[in-house]
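Descriptive analysis of the structure
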Amino acid sequence: MLGNWSLRTKFFLTTILLVVVTSTTIVVVMSRQLSESLTEEKYIQLRQDLRFINRSLEKEIQQLRTDAQIIARSRIIKGLIESTNSSSSNILDVIEEEEWKESLTVLFNQTLAASPPYFKVRLIKYKKDKQSESAIEKITAWKRNNKITLLPPDKLQEKIHRPYIKNSTSLSPDEVLLSKLSLDREEGKIYTPTIATLRSVAPIFDREILYGFIVISMDITHTFEDAAEILTQDINLYATQDDGQFIYHPEKEKTFTFEFPEKAQHIMENEFYGSDKIFNDNKLQYGTVRDKANEEYSLVHEKFHFDPLNPDRYIRISLIQPYSKIESITDQLNRSLIYTSLIIVTIAIILTTLALRALAIPIQQLLASIKKFGRTQKIDTLPTERNDELGTLAQQFRLMSTRVIEQTNLLNQEVLIRRLTDKQLRAREEELKRSNEELEKFAYVASHDLQEPLRKVQAFGDRLIARSYDDLDDKSKDYLKRMQQAASRMSQLISDLLSFSRVATRGRPFQSTNMNEIVNGVISDLEIAIEQSGAIVEVNDLPVVEGDELQLRQLMQNLIGNSLKFRRADVQHHVKIWSKVNDDDTQIEIHIQDNGIGMDSKYSERIFEVFQRLHARNEYEGTGIGLAICKKIVERHNGKIEVKSTLGEGSEFIVFLPLN
């Protein structure tokens, strides 16, 4: 049915469809971007509020520590200590001590009056002997309902059993202890009405001996309530300990429930589902959560590490806002975008109808001419005289048809050339194959012809040693020894060169090869060398790879043998062989790591070249070809080999082989 529609109908429907799809796409994209922008903007505002609250809380806790330390170091405390230490029973000394106590009481009152969150300041006298230790309140100033009172002497208590006092006995003069957050207690019982308490404990020293403590108690709830007042009505503040228990909640009965084990316990994860996922992700500072009624909320949080003596302690402060507020704004914007889209579609329909009337006739004429060209390879009439896009299109079609013919001829010529080139490449490949075979034969013959005179030199040297060694003088014996050693090195060098040349020409087809079996076989071959060196060879599980089994065995033989050769005399040699898959899952890495003599990292490329040695022959034997053979074997397996080494610490050779 679609094929029977006129060009005008198709163009009209296509244009309308394009306008509708474009408008819909714009609405969807803009709606999503606006929603994300509004959400992000709201989260940014919440995070700014949270940072302000954290800075305020940090400032108040820092002030709490500073106030305790200032009082502990004050001249009044020093005067009180001096008057207390006086052994005289003179009435003037007693009066002086009472005056210092009165001054300290005034200082306590001033401290409580100056800081609304403070509700208690105490001087606690510490005493320790061989049998016992005690920490008794000496002066306690208490603020209730903005009224400051002094605790009577008969109400002063022993505090040595309280953890914040017990833990403060080991403080240095410059340290201040912050207690665990808890409800205030008097005589072992939680005080009513409850007060969420954070205590600052500053030690007092008398000539390096612990005299006592200044303890300031702060109502932490007061601080949170002040912070909550700056927030808008739809934003709630929550504060939890590192175990998730609430220390501040808009519903007061849900705070400090850990102080009442018999009551229902409340934690953030049970109040807002999904908060645990946000909290456990160190990179995620905000997200969406749901309450028990399945309502969505926006949550931002931040850990506040407030105790320098215990860096792991923290308070988690969270701000939560109903997500519906953001959605309502987004819905209004979405409706506006939809109305705009409908207006655009209506205008597009009107404009398309008018444009089709002007374009339909020349397009039909152009289409008829093109169809005739397709049938007869001739162009009848084209509207080339027009000065608009249709005229340009007709002119370009005429040029295009000419170029198509030219390009077809050129393509036929190129196909012919490529056929000839492929034939030449195949001929060159055959020629290269013959050349390699001849080169291999030449290498074998050359090595055989070179080995023969060397064997004679060694044989005649052996006969000379057997028959006339005792008749030779020392210098002649030295010459004979050098001749034998040189012939042996030359023979080994020829064998190594032959092995090097055969890596590419004598390679076997690749097959599945178990590297565990290869390494175990190499270790078995090197058993005597391992025992003589006292080395430990540790092999972890190795993979199965596609490769030439003999060449991979030669590779591991060279690398493990090198590790045993270049060892340090002052430590037990340790070789560790292990493997892993690289980060992009394309290669297997086989590591051969030791604690040998190592080398300077600047030689990490040079050692894989032929005849490259870093040591004299009288230090370590070898021809300098072994690692070059290793490199050639690895390259034949489409891999690479690297070395990481530190002089005097050891080396690590890494073989990279394709995973598949």
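What you see is a predicted model, and the numbers here were worked out from it, not measured in a lab.

**Focus: the pattern of salt bridges**
This structure, assessed with the given rule, holds 17 salt bridges. For the salt bridge of arginine 185 with glutamate 259, the shortest nitrogen-to-oxygen distance reads 2.8 Å. Taken together, the positions of arginine 185 in strand β6 (residues 185-186) and glutamate 259 in the loop between β11 (246-248) and α6 (268-271) put the pair 74 residues apart, joining distant regions of the chain. Here glutamate 259 falls in the buried class, since its relative accessible area comes to 14%.

**A few points about unusual backbone geometry**
A negative phi angle characterises most non-glycine residues, just as the trans form characterises most peptide bonds. Unusually for a residue other than glycine, glutamate 208 sits at a positive phi of about 65 degrees. Turning to its location among the elements, glutamate 208 is positioned in the loop between β8 (196-206) and β9 (209-219). Although it is not a glycine, aspartate 585 sits at a positive phi angle of roughly 55 degrees. Among the structural elements, aspartate 585 can be located in the loop between β18 (574-581) and β19 (587-594).

**Overview of the sheet that holds strand β10 (residues 236-240)**
The five strands lie next to each other as β11-β10-β14-β13-β12, forming an open sheet whose pairing is antiparallel. Of all the strands in the sheet, the pair left with one neighbour each is β11 and β12 (286-290). Taking each pair of neighbouring strands and ignoring which way they run, the sheet shows an average axis angle of 35 degrees. As defined by bridge partners, β12 adjoins strand β13 (residues 296-304) across five bridges and the pair is classed as antiparallel.

**Some thoughts on the packing of helix α11 (residues 515-525) against helix α13 (residues 549-565)**
Taken N-terminus to C-terminus, the directions of α11 and α13 make an angle of 50 degrees; their axes are 9 Å apart at the nearest point. By the angle class used here, α11 and α13 are oblique. In the packing of α11 onto α13, the handedness of the crossing is right-handed. Here α11 contributes Met515, Ile518, Val519, Gly521, Val522 and Asp525 to the contact with α13, which in turn contributes Glu549, Leu552, Arg553, Met556, Gln557 and Ile560. The residue inventory of the contact of α11 with α13, partitioned by class, reads seven nonpolar, two polar and three charged.

**Notes on the sheet that holds strand β16 (residues 536-539)**
Taking strand neighbours across the sheet as the criterion, the five strands line up as β16-β18-β19-β21-β20 in an open arrangement whose pairing is mixed. The two strands at the open ends of the sheet, each matched to only one other strand, are β16 and β20 (640-646). Between one strand axis and the next, the sheet turns through 15 degrees on average, direction left out of account. As defined by bridge partners, β20 adjoins strand β21 (residues 650-658) across seven bridges and the pair is classed as antiparallel. Directly across from glutamate 642, in β21, lies its bridge partner isoleucine 654.

**Observations concerning helix α5 (residues 220-229)**
Of the positions making up α5, those classed as buried are Ile220, Thr221, Thr223, Phe224 and Ala227. Each buried residue of α5 lies within a common arc of 155 degrees when the element is viewed along its axis, so the set occupies one face. Where α5 begins, the side chain of aspartate 219 points an oxygen toward the backbone nitrogen of threonine 221, at a separation of 3.1 Å.

Conventions adopted
- Residues numbered from 1 in each chain as written.
- Predicted model: local features only at pLDDT ≥ 70, side-chain atom pairs only at ≥ 80, totals over all residues.
- Heavy atoms only, no water.
- Salt bridge = Lys/Arg side-chain N within 4 Å of Asp/Glu carboxyl O.
- Helix = DSSP H or I, 4+ residues; strand = E, 2+ residues; numbered from the N terminus.
- Buried < 20%, exposed > 50% of the residue type's maximum accessible area, 1.4 Å probe, protein only.
- Pairing = 2+ DSSP bridges.
- Axes fitted to C-alpha atoms, helices over the stretch in contact; angles between N-to-C directions.
- Parallel < 35°, antiparallel > 145°, perpendicular 65-115°, else oblique.
- Left-handed = near helix turned anticlockwise from the far one by under 90°.
- Contact = heavy atoms within 4.5 Å.
- Nonpolar A, V, L, I, M, F, W, Y, C, P; charged D, E, K, R; others polar.
- Arc of directions from axis to C-beta.
- Polar contact = N/O pair within 3.5 Å; in protein donor to acceptor, adjacent residues only side chain to side chain.

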